[in-house]
Amino acid sequence: GEGGEGRLYPWGDDPDPNRANYDRTGIGDTSAVGCFPGGASPYGVEELSGNVWEWTRSLWGKDWSKPDFGYPYDPAGRRREDLAAGPRFRRVVRGGSWGGSLQDARCAFRGWPPPDFSDDGLGFRVVMSPALPSPKS
């Protein structure tokens, strides 16, 4: 669809090391945000694939080999987003990293590290919503 539904990667279906920082790109480390504008999603969001895995607030489950929270996503399944779940639940990471394969960079791929895991290929995205103008009285 126009919004990008069903795409393999944020930019489309064709793999391309010029659109994201993953192992085939050959950089071998993190890159500055904005280096891959051709990899933007249809919504203009950059760096959704490659560079660093991004933590999400979604839970994977207790067992690394089998998710407790599968797909398709069930909006009524609020337990998936339980911020108080504690360290016994693994969290979902998405996007792949500079050292990962093209398969890891696919939109549908999820990783599942424990919540205390750290690595130079793992980070998070800061998202801000612009303030709306106040109504004039």
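Preceding this paragraph is the structure being described.
Everything quoted here is computed from the prediction, not taken from an experiment.

Draft legend 1. View of the pattern of salt bridges. Scanning all chains against the criterion turns up three salt bridges. The salt bridge involving Asp16 is made with Arg19; its shortest N-O contact spans 3.2 Å. Glu54 serves as the salt-bridge partner of Arg125, at 2.9 Å between the closest nitrogen and oxygen. Linking Arg125 in the segment after strand S4 (122–123) with Glu54 in strand S1 (residues 53–61), this pair joins segments that are 71 residues apart in sequence. Exposure remark for Glu54: the relative accessible area of 15% places this residue in the buried category.

Draft legend 2. Structural context of the sheet that holds strand S2 (residues 90–94). Taken in spatial order, the four strands of this open sheet run S3-S2-S1-S4, and their pairing is mixed. A strand with exactly one partner marks an edge of an open sheet, and here the two such strands are strand S3 (110–111) and S4. Sheet topology places S1 next to S2; four bridges connect them, and they run antiparallel. Of the residues in S2, the one forming a bridge with Leu59 is Arg91.

Draft legend 3. Molecular detail of the packing of aromatic side chains. If you walk through the whole model with that rule in mind, you get four aromatic pairs. Pairing Tyr9 with Trp11 gives two aromatic rings, centres 5.2 Å apart and planes at 10°, and the pair type is stacked. Since its relative accessible area comes to 6%, Tyr9 is described here as buried. When its relative accessible area of 11% is taken as the criterion, Trp11 is described as buried. Where Phe69 meets Phe89, the ring centres are 6.4 Å apart and the plane angle is 50°; that geometry is what we call tilted. Of this pair, Phe69 sits in the loop between S1 and S2 while Phe89 sits in the loop between S1 and S2, and the two are 20 residues apart along the sequence.

The rules behind each value
- Residues numbered from 1 in each chain as written.
- Predicted model: local features only at pLDDT ≥ 70, side-chain atom pairs only at ≥ 80, totals over all residues.
- Heavy atoms only, no water.
- Salt bridge = Lys/Arg side-chain N within 4 Å of Asp/Glu carboxyl O.
- Helix = DSSP H or I, 4+ residues; strand = E, 2+ residues; numbered from the N terminus.
- Buried < 20%, exposed > 50% of the residue type's maximum accessible area, 1.4 Å probe, protein only.
- Pairing = 2+ DSSP bridges.
- Phe/Tyr/Trp six-rings, centres within 6.5 Å; stacked < 30°, edge-to-face > 60°.

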